[in-house]
Structures are given as structure tokens and as C-alpha cells.
Amino acid sequence: MSNEKIINDIENKYQQLGENPETYLKGLLHAKPINYWDYVEADTLLSLQKPRTNFKDEEIFIMYHQVTELFLKMMVHEIKQLVYEPFNESVWLEKLDRLNRYTNMLIGSFDVMKYGMNYDDYNTFRSSLTPASGFQSVTFRLIEIYCTRLENLINEEGKNRIGENPSTTDYFEHIYWKDAGLNRKTGKKSLTLLQFEEKYLDRLVAMANKTKGATLEEKILKTQNCSEALKMKLKEFDHLYNVAWPLVHLETAQHYLDLKGENKAATGGSEWKKYLHPKFQQRKFFPTLWNNDEITNWGNNK
Ligand code: HEM
């Protein structure tokens, strides 16, 4: 494209906006060239690690959580485009490939946690982090809400408890993740859960109401001719996010908290051995794509 054509196009662009192109061209003349550090906000990003102890590996712990949050945000970014746009199979195929790639990266890199921190140091500095827990990641919960109907986030015990025609609030009362911090007999909640609900519950309920009918699962259920290729990719994502990642995460918890059969308390205070297992959570985004055998064996293999 010639320079003349570019200038012409710029003039047209601003004229169509009802603006004076000359002002914008002058602005361009004086604008400072952009640089890498401002563009990616490197200085801000690299100033966000604030350990609470002097153990060197605490910074590794913080940074890997931050890396995970960014990957989860990339996933939300892709999923939202599927939720809020009309169904288009080729777009879905491409986005599902991205979601599977990101989740595989999180699974493949989890060794940074399992083997990448000094065992004794981790077990010492983690007590300074109580009652904070990855459990309080709202991005992790947003992905669930965008992907599937709330009824798929209720495990078998919850299904027996919940009444007929539950409202969104009823679903959140019985959602599987409350079991990490709620004693259903006494009604007592852990501080980890109380903090999380106080900060995010209203937002999650609003999000769930907004997304009702448009979750990935519901869009697929409404689609008459969803190809086998797309079904395979959806199943792959369901398995990676709801079985494979939870299992590498659980193995890491076992490595640090249960190495010598000690069964240490987690910072979030859950009965983590039971709670973190995909068999207990029974979380599936696309349950209708799985057969009975696959559902029975859910969580048995990575
Ligand atoms: C040494 C590393 C880690 C250990 C030992 C660990 C341990 C735990 C435990 C025991 C829980 C259950 C809640 C509690 O009682 O605290 C939990 C929940 C959770 N953790 Fe981690 N975690 C580790 C690293 C991570 C990382 C890097 C992330 C990434 C953000 C993460 C995200 C989560 C999430 C999302 C939950 C809730 C899972 C669910 O509800 O299904 N964890 N973690």
C-alpha cells in the first residue's frame, strides 16, 4: 500500500467519524514511539510479587499462581467470545483448540509447584498464608459458570439435598465447592469460604443469571448438527479441566501435605483429600457427551 493511499484512508476514517483528520495526523507526528515495557506493562507486572516471609521459594509460589491466573484469564477471554456470539462451528473448533492448549500448559507446568519448591521451606511459609487458598480464585469459578449449567456443578449429595425448581441462589447454596468450607451439619463456614463469598458471591450469581441459556453446554445442546470433531474437542477440554488438572493439583497437595501419611491441614482448611478429588466433585461441563461407563469412571485416570 502506498503512503499516499494510507494517508487517504486515514483521512477517510476520521472524516467518517466527523473529526478533523489534520488534528489526528499532527498528533501522530508528535506521538512518542511505543516501547515494549509500556506496552506489556512489564514494570507493573514484575512489581506484583510481594512475599510475606523471607523464604526464597515463596516468590516462585506467588509467580506460578499469577501465571495460572493469566492463563485462566486467557481462557475466559476465549470462552466469552463463544458465549456472547452466535454459534459458528469453525470458530468453536479453533477456540476449543486454544482452550485445550492452555489447559495442557497448566497441567504440564504444574511440576513447578510439585518439584520446584523446597519441601520444608514450603511447609513453613505456607502457614503464613492461612486462610488464603487457591480455592479463592474467582477466575477458576467464572470458567465453570461460562461453561455449564449450574445443575452440573452440584454433586450427587447436593442433588439429594436441593429442592424442586431451584433458583440461582439455591444452586449456589448447594454448589460442590461450598463443601470445601461449609460444615453442612452445623452450618459453620471456614474463614476462607466466608471471605470468598463476601467478595465474590453476588458477582457470581449475577454472572450466572446473565449467562443462563448461553453457557457453552447449553449452546451445544441447542445446536442440531454439532460435528463429531467438535464433540471430541469439547470432551477433551472437559477431561483436561475437570479431571487432569485436578489430579495434578491433588498429587501436589499430597506431595507436600501427605508425604509421610501426616495429612497436614491445608491453608483453606478443607478436607482436601476428599474434596479435591474429581470423583468427589463430579464436575462435568458437558455431561451429555459422556457415556455411562465414562461417567462411572470419572476421575479414575488422568
Ligand atoms: C504447592 C502447591 C499447592 C498446594 C499444596 C495446593 C493445595 C490446595 C488445597 C489443599 C486446596 C483445597 C482448599 C484448601 O483447603 O485450601 C486447594 C484448592 C485450590 N487450589 Fe491449590 N494448591 C497448590 C497450588 C495451586 C496453584 C498453583 C493454583 C493455581 C491457581 C491452585 C488453585 C487452586 C484452586 C482453583 C483450588 C480450588 C479447587 C476446586 O475447588 O476444585 N492451587 N489447593
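Residues numbered from 1 in each chain as written. Predicted model: local features only at pLDDT ≥ 70, side-chain atom pairs only at ≥ 80, totals over all residues.

Below, the discussion takes up the site of the ligand. Residues in close proximity to the ligand total 26 residues, the closest being Ser133, Gly134, Ala266, Gly268 and Ser270. Listing elements by their share of the shell around the ligand, those giving two or more residues are α5 (57-83), α14 (228-257) and α15 (272-275). The element best represented in the shell around the ligand is α14, accounting for 6 residues. A breakdown of the residues in the shell around the ligand according to their chemical character gives 14 nonpolar, 12 polar and no charged. (Near = placed C-beta within 6 Å. Helix = DSSP H or I, 4+ residues; strand = E, 2+ residues; numbered from the N terminus. Nonpolar A, V, L, I, M, F, W, Y, C, P; charged D, E, K, R; others polar.)

Split into domains, the chain comes out as domain 1 (3-37) and domain 2 (59-296). The distance between the C-alpha centroids of domain 1 and domain 2 comes to 45 Å. (Domains from an automatic or database assignment.)

In this structure, Met75, Ile79, Ile143, Tyr146, Cys147, Leu216 and Phe237 are the most contacted members of the largest nonpolar core, which totals 39 residues. For this core, the element with the most residues is α14, which contributes 7 residues. Here Cys147 is in contact with Ile79, Thr215, Leu216, Glu217 and Phe285, once residues within four sequence places are set aside. (Core = buried A, V, L, I, M, F, W, Y, C linked by C-beta atoms within 7 Å. Buried ≥ 20, exposed ≤ 12 C-beta atoms within 10 Å, placed from the backbone. Contact = placed C-beta atoms within 7 Å.)

Let us look at the packing of α5 against helix α6 (residues 89-108). Axis angle and axis distance: for two packed helices, these are the angle between their axes and the distance between the axes, and together they describe the pair. Here α5 crosses α6 at 165°, and the two axes come no closer than 10 Å. On the basis of their axis angle, the class for α5 and α6 is roughly antiparallel. Note that α5 runs across α6; the crossing there is left-handed. Counted together, Thr68, Phe71, Met74, Met75, Glu78, Gln81 and Leu82 of α5 and Trp92, Lys95, Arg98, Leu99, Tyr102, Met105 and Leu106 of α6 form the full contact between these two elements. Of the residues that constitute the contact of α5 with α6, the class distribution is 9 nonpolar, 2 polar and 3 charged. (Axes fitted to C-alpha atoms, helices over the stretch in contact; angles between N-to-C directions. Parallel < 35°, antiparallel > 145°, perpendicular 65-115°, else oblique. Left-handed = near helix turned anticlockwise from the far one by under 90°.)

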